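The chain contents come next:
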Amino acid sequence: MTAEGLKRNIPLLYAARLCEYMVFFVPVVVVFFQGQGLSMTQIMVLQTAFAVAIVALEVPSGFFADRVGRKPSLFIGAAVITAACVVYGTGSSFAQFLVAELLWALGGSLLSGADSAVLYDTLLALGRDKEYQKIEGHASFLGLLGAAASAVVGGFVATAGLRLTFFLTAAALTAATVASLLLREPPRTKGGHARGELYYLYKISRFALYKNAEVRWLILLAALINGLGTVGFWLYQPYFELCDIPLYYFGLIFALFNVFAATSGKAAFAVERFIGKRLALISLPALLGLSLFAMAAFITPFGFLFVLFAQFVRGFSHPVISDYINRHTWSDKRATVMSIKNLVTRVVFVAAAPAIGVAVDRGDVRLGLLLTGIATVVVGAALVFALRRDRVI
């Protein structure tokens, strides 16, 4: 395998990330579901089913990527999500949408962790592993720009037909599938254990969540930020309605969020170098909590600007925390460890979302935002204390 062949992985991964993030139906998906006769309860059940499926599939899919190959994992994942888009676009019942959610969960679990692992191992083979954070940040930047562009386009296309947004997404995922097929599998150390593959999976999980204190606390911090950040995401649209923001602005607002998160991811390398590891990690729960508290306190047509604090966290946290974890993880464990991080994130979402949903139903969206903010700050402070106690920061 030539170095030139491996170098092509970087632009191919950029292209795949860009296309995977081009989900045109995001600004109108709730409107679409309601137009097909689904209640908000059914919509939340779909999201819970998706999260539970991700929890069940996340670690086995990462293990598949480590043991079979990252390239097959990325290719199959993109192809399965493409199929999910087609099911969405042709479906009209709760059962059909549930099938689509489960397909998306399978495809997403195959993608998550594997792309970061193949990038890191590519750079390691090229002797450029110190550039990981910078290149991962640029990949996130391109992906979020794609998400921003697709939000704007999706909003306009939806006026001609909501189903068209799903077929546009399928086309973008087809391009991601082709990019994954063209990747070269980078060299990596083969692991395993004489007592079998399941035992080896157990050993990796034990390493990530018990043996290595730094990896454990970083995984839990990432899970808190991403899990509760996702809960907050489902409160954005009800909050915008409470602020009397017209529906036709939703796509533009989501595009702004993605551009802001993309810029944060792009700047993560420089910002982290300037403020240092300690402040970088402390700022994540603090800024997310600030965003949620501000939304709960102020109801105004400009309230969407408070969400920008959360979008900074969204863009900044992935390249920074992934880099910290990768520094303490061996090549043959990397995709599995990243999948463990994503699994714990889904567990946080599944644990928090129903309770926040009940709070919104019994009170209003402001109560849900307030409780999510309190959980973020309190648990985040405990994790920062643990990181300092174990001299990680």
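Everything here concerns the structure above.
A brief structural summary. Sequence order as written defines residue numbering, which begins from 1 separately in each chain. In keeping with the predicted nature of the model, local features appear solely for residues at pLDDT of at least 70, side-chain atom pairs appear and are counted solely at 80 or more, and the whole-chain, interface and lining totals rest on all residues. Note that water and hydrogens are dropped before the side-chain values are worked out from all heavy atoms of the structure.

### Digging into the layout of surface pockets
- Site definitions follow a grid-based scheme: protein atoms alone, a 1 Å grid, a 1.4 Å probe that fits but cannot get out for cavities, and for pockets an open set with protein on both sides within 12 Å along at least five of seven lines, plus lining residues having an atom within 4 Å of a point. Grid points are joined across faces, edges and corners, and a volume is the space filled by probe spheres set on the points. If you add up the space inside the second largest pocket, you get close to 280 Å³.
- Counting from the N terminus, the helices are the DSSP runs of H or I reaching at least four residues and the strands are the DSSP runs of E reaching at least two. When residues in the lining of the second largest pocket are grouped by element, the largest group, four residues, is from helix α8 (residues 132–158).
- For this classification, the nonpolar set comprises Ala, Val, Leu, Ile, Met, Phe, Trp, Tyr, Cys and Pro, the charged set comprises Asp, Glu, Lys and Arg, and every other residue, Gly included, is treated as polar. Along the lines of polarity and charge, the residues of the lining of the second largest pocket split into eleven nonpolar, three polar and no charged.

### Section: the nonpolar core
- Side-chain atoms within 4.5 Å are what join buried Ala, Val, Leu, Ile, Met, Phe, Trp, Tyr and Cys residues into a set we call a nonpolar core. Throughout this description, buried means an accessible area under 20% of the type-specific maximum (1.4 Å probe, protein chains only), exposed means over 50%, and partly exposed covers the range between. The biggest cluster of nonpolar side chains holds 61 residues, and the ones touching the most others in it are F240, F257, L281, I325 and L369.
- Secondary-structure elements contributing two or more residues to this core are α4 (40–67), α8, α11 (213–242), α12 (250–297), α13 (307–326), α14 (334–362) and α15 (365–389).
- Counting residues per element, this core draws most heavily on α11, at 15 residues.
- Not counting the four nearest positions on each side in its chain, F257 is found in contact with Y236, F240, F304, V307, L308, Q311 and R314. Whether two residues touch is decided by their heavy atoms; if any such pair falls within 4.5 Å, the residues are in contact.

### Examining a nonpolar patch on the surface
- Every patch collects residues that have over 30% relative accessible area and no salt bridge, joining them within 9 Å if they carry like charges and within 5 Å if they are nonpolar side chains (Val, Leu, Ile, Met, Phe, Trp, Tyr). Surface exposure here means Shrake-Rupley accessible area, sampled with a 1.4 Å probe, where a residue is shielded only by the protein chains that are shown. A pairing counts as a salt bridge when a side-chain nitrogen of Lys or Arg comes within 4 Å of a carboxyl oxygen of Asp or Glu. A cluster of nonpolar residues, L367, L370, L371, I374, V378 and V379, forms a patch on the protein surface that exposes about 450 Å² of accessible area.
- On the secondary structure map, V378 appears in helix α15.

### Some thoughts on the packing of α11 against α13
- Helix axes use the C-alpha atoms of the stretch in contact, all axes being lines fitted to C-alpha atoms, and the angles between their N-to-C directions lie in the range 0 to 180 degrees. At a minimum axis distance of 10 Å, the contact between α11 and α13 shows a crossing angle of 155°. One way to sum up the angle between α11 and α13 is to call them roughly antiparallel. α11 and α13 meet at a crossing whose hand is left-handed. Contacts between α11 and α13 pair V215, L218, I219, A222, I225, N226, Y236 and F240 from the former with V307, A310, Q311, V313, S317, I321, Y324 and I325 from the latter. In what follows, roughly perpendicular refers to angles from 65 to 115 degrees, roughly parallel to angles under 35, roughly antiparallel to angles over 145, and oblique to any angle outside these ranges. Should the near helix be turned anticlockwise from the far one by less than a right angle, the crossing is termed left-handed; should it be turned clockwise, right-handed.

### A closer look at helix α5 (residues 70–90)
- Spanning 21 residues, α5 covers 31 Å between terminal C-alpha atoms, matching the ideal 30 Å at 1.5 Å per step.
- Here α5 has its buried residues at R70, S73, L74, G77, A78, V80, I81, T82, A84, C85, Y88 and G89. Expected span of a helix: the number of residues minus one, times 1.5 Å.

### Things to note about the packing of aromatic side chains
- Pairing of aromatic rings covers Phe, Tyr and the six-membered ring of Trp, with a centre-to-centre limit of 6.5 Å; geometry is then stacked below 30 degrees between planes, edge-to-face above 60, and tilted otherwise. Inspection of every chain in the model, using the stated rule, returns 24 aromatic pairs.
- Here the aromatic rings of F32 and F97 are separated by 5.6 Å at their centres, their planes lie at 70°, and the arrangement is edge-to-face. Remark: F97 occurs in helix α6 (residues 94–111) and F32 occurs in helix α3 (residues 29–35); sequence separation between them is 65 residues. Like F97, F32 is buried.
- Judged by centre distance (5.9 Å) and plane angle (70°), the rings of F233 and Y236 are edge-to-face. Highlighted residues: F233 and Y236, both in helix α11, separated by three residues, approximately one helical turn.
- Looking at Y236, the relative accessible area reads 5%, which means it is buried.
- One aromatic cluster in this structure is built from F233, W234, Y236, Y239, F240, F250, F254 and F257.
- Cation placement over rings: the criterion is NZ of Lys or CZ of Arg within 6 Å of the ring centroid and within 35° of the ring normal. Lying across the ring of F141, K266 places its NZ or CZ 5.4 Å from the centre.
- Sitting over the ring of Y324, K277 keeps its end group 4.9 Å from the ring centre.

### Concerning unusual backbone geometry
- Phi is positive for D244, which is not a glycine, with a value near 60°.
- Here D244 shows up in the loop between α11 and α12.

### A word on the packing of α12 against α13
- Remark: α12 packs on α13, axes separated minimally by 4 Å, with the N-to-C direction vectors making an angle of 140°. Classed by the angle they form, the pair α12 and α13 counts as oblique. Both α12 and α13 take part in a crossing whose hand is left-handed.
- A class-by-class count of the residues in the contact of α12 with α13 yields 25 nonpolar, seven polar and three charged.

### Quick word on the pattern of salt bridges
- If you walk through the whole model with that rule in mind, you get seven salt bridges.
- R17 is the salt-bridge partner of E136, the closest N and O atoms lying 2.9 Å from each other. Placement of the pair is E136 in helix α8 and R17 in helix α2 (residues 9–20), with a sequence separation of 119 residues. In this pair, the class of E136 matches that of R17, namely buried.
- Between D364 and R366 there is a salt bridge, with the nearest N and O atoms lying 2.8 Å from each other.
- Ionic contacts of the salt-bridge type, sharing partners, join the residues R17, D115 and E136 into one network.

### Points about α13
- Here α13 contains 20 residues, and its C-alpha end-to-end distance of 29 Å stays within 8% of the 28 Å for a straight helix at 1.5 Å per residue.
- One axis fitted to the seven residues ending at a residue, another fitted to the seven starting there: the angle between these axes is the bend at that residue. Residue S317 marks the point of greatest curvature in α13, where the axis turns by about 35°; the proline P319 follows within four residues.
- The element α13 is extensively covered by neighbouring structure, given that 16 of its 20 residues are classed as buried.

### A few points about the side chain of S317
- Locating S317 in the fold gives a position in helix α13.
- The exposure class of S317 is buried, given its relative accessible area of 4%.
- Residues in contact with S317, not counting those within four places in the same chain, are I225, N226, L284 and S322.

### Digging into the environment of G5
- Tracing the backbone through its elements, the reader meets G5 in helix α1 (residues 3–7).
- Note on G5: relative accessible area 1%, which makes it buried.
- Note: C-alpha distance between G5 and L144 (139 residues apart in sequence) is 27 Å.

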